[in-house]
Amino acid sequence: MVKKTMQYSYFKIRNPWNFKPHRFEIGTLFIQSPFHDNHFLLKLDNLVDHELTDYYNFHLRYYIDSVNGNEQHFHRYVSDIVATRIAVLKLVDPFSRKALRAKEQINQLRAFQTFLHSIDQWNSSQALELVIAEKNEEISDLKKHIAELERQLQALRQFEPSSKIDIRDKHLPTFIHLVHQLQNLVLPDERRLFNFQGQSGWYKLISKYFTHNRKPIPIETARNYFPVQKDAEMIKGSQVPTDLRLFDIVLTRSKPSK
């Protein structure tokens, strides 16, 4: 048998059939719910400073009497929703039409928060503010990190080709054979034409900037043609067949011209 969890409100909710409720009661005329944090904060928004204490005590008495609660728990809960709402309102775009209203709400919540601090015997609100401050700092750092990543992404996009170079028909191995020859080209002064370490630059170049018969070249396919150890046994199918070695790159001048 499933045991139902008892739901209760921290705050005194108006009776839907009572058309003259206490001014500190919260909620709507007909809709009833155990969750009334927003109604509590909306009512708070319409109070003046000298009413804040009475408003807090009114709902505290209800909470203690109705659920046999204690003030520490109630104070922590109220401090939590107030601090959270302030943090949310701070995120409102300062140039939007909601900005002025948000600022007014923050000022009212700050006044109530000051009252909560004045009666805080348990340091619950202070601890909560430290947590929120840390989270806000983390959010700020993440936003900076995202902005930096977007900047890097924008910089990388300038190297993205609008269209790739397509290798015709079945001649990917033919092109691979040319690239293998490029690796071995030696200048007349006996230095290699290309200075490189490892094979990743070659196969990543092929996979990124070329297609084969209008189809992408998977990086693993390209990698198979460029083993780390050149003397290593090639994966089956990655050796360039003799009949597809159609071109030879030759040195046209053996000595530098004077």
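Treat the numbers as computed from the prediction; the structure is a model and nothing was measured. Along each chain, the written sequence defines residue order, and numbers are assigned to residues from 1. This being a predicted model, a pLDDT of at least 70 is required before a residue's local features are given, and a value of 80 or more before pairs of side-chain atoms are given or counted; all residues contribute to the totals for chains, interfaces and linings. No hydrogens and no water enter the side-chain calculation; it runs on all heavy atoms of the structure.

Overview of the overall build of the protein
For clarity, the cut-off: Under the scheme used here, helices are H or I runs from DSSP no shorter than 4 residues and strands are E runs no shorter than 2 residues, and both carry numbers assigned from the N terminus. The contact definition used throughout considers only heavy atoms, calling two residues in contact when any of these lie within 4.5 Å.
Each helix and strand counted, the protein has 8 helices and 3 strands in total. Listed by position from the N terminus, the elements making up the protein come as α-α-α-α-α-β-α-α-β-β-α. Across the protein, the fraction of contacts at a sequence separation of at least 24, relative to all contacts at a separation of at least 6, is 62%.

Describing the packing of aromatic side chains
Using the following cut-off: Think of it this way: a Phe, Tyr or Trp ring, Trp meaning its six-membered ring, pairs with another when their centres are within 6.5 Å, and the plane angle makes it stacked under 30 degrees, edge-to-face over 60, tilted otherwise. Here the term buried applies to any residue with accessible area under 20% of the maximum for its type, exposed to any over 50%, and partly exposed to those in between, with areas from a 1.4 Å probe on protein chains only. Over a ring means this: the NZ of a Lys or the CZ of an Arg is within 6 Å of the ring centre and within 35 degrees of the ring normal.
A complete count under the given rule lists 17 aromatic pairs for this structure. For the ring pair Tyr56 and Phe115, a centre distance of 5.3 Å and an interplane angle of 75° mean the geometry is edge-to-face. Taken as a pair, Tyr56 in helix 2 (residues 52-67) and Phe115 in helix 4 (residues 99-118) lie far apart in primary sequence, 59 residues in all. Looking at Tyr56, the relative accessible area reads 0%, which means it is buried. Ring pairs connect the aromatic residues Tyr10, Phe11, Phe24, Phe40, Tyr55, Tyr56, Phe58, Tyr63, Phe74, Tyr77, Phe112 and Phe115, which therefore count as one cluster. For the cation-ring pair, Lys208 lies above Tyr209, with the distance from its terminal atom to the ring centre recorded as 5.7 Å.

Focus: the confidence of the model for the protein
To keep it simple, the criterion reads: Summary of the metric used: pLDDT quantifies the predictor's per-residue confidence within the range 0 to 100.
For the protein, mean pLDDT is 86; residues scoring 70 or higher make up 87% of the total. Put simply, helix 5 (residues 124-157) is where the protein has its lowest mean pLDDT, 83, and strand 2 (residues 210-212) is where it has its highest, 96. Across residues 1-7 the pLDDT falls below 50, and counting only partners more than four positions away or on other chains, this stretch makes 1 contact in the model.

Some points on the pattern of salt bridges
Put simply, the rule is: Salt bridge, as applied in this entry: a Lys or Arg side-chain nitrogen positioned within 4 Å of an Asp or Glu carboxyl oxygen.
Inspection of the entire model under this criterion finds 8 salt bridges. Arg101 is paired through a salt bridge with Asp45; the nearest N and O atoms lie 2.4 Å apart. With Arg101 in helix 4 and Asp45 in helix 1 (residues 37-45), this residue pair connects regions lying 56 residues apart in the sequence. The class of Asp45 is buried, set by a relative accessible area of 16%. Residues Glu160 and Lys208 are paired through a salt bridge, measuring 2.7 Å at the closest nitrogen-oxygen approach. One end of the pair, Glu160, is in the loop between helix 5 and strand 1 (165-167); the other, Lys208, is in helix 7 (residues 200-209), with 48 residues separating them in the sequence. A cluster of three or more residues bridged by salt bridges with shared partners is formed by Asp45, Arg101 and Glu104.

Focus on the packing of helix 3 (residues 71-89) against helix 4
Helix-helix packing is characterised by the crossing angle of the two axes and by the distance between the axes. What counts here: For every element, the axis is a line fit to its C-alpha atoms; helices are fit only across the contacting stretch, and the angle between N-to-C directions ranges from 0 to 180 degrees. Each angle gets one of four labels, with under 35 degrees taken as roughly parallel, over 145 as roughly antiparallel, 65 to 115 as roughly perpendicular, and the rest as oblique. For any pair of crossing helices, the crossing counts as left-handed if the nearer helix is rotated counterclockwise from the farther one by less than a right angle, and right-handed if it is rotated clockwise.
Axis separation between helix 3 and helix 4 bottoms out at 10 Å; the angle between their running directions is 155°. It follows that helix 3 is roughly antiparallel to helix 4 by the angle criterion. Considering only the axes of helix 3 and helix 4, their crossing is left-handed. Within the contact between the two elements, helix 3 uses His75, Val78, Ser79, Val82, Ala83, Arg85, Ile86 and Leu89 and helix 4 uses Ala102, Gln105, Ile106, Leu109, Arg110, Phe112, Gln113 and Leu116.

Details of the side chain of His36
Definition in use: As used in this structure description, the phrase polar contact means that two N or O atoms lie within 3.5 Å; if the pair is within protein, one of them must be able to donate a hydrogen and the other to accept it, and residues adjacent in sequence are counted only when both atoms belong to side chains.
Its place among the elements puts His36 in the segment before helix 1. His36 sits in the buried class, given a relative accessible area of 2%. A polar contact is formed between the side chain of His36 and the side chain of His39, at a distance of 2.6 Å. Residues within four places of His36 in sequence aside, it is in contact with Phe11, Ile13, Ile26 and Gly27.

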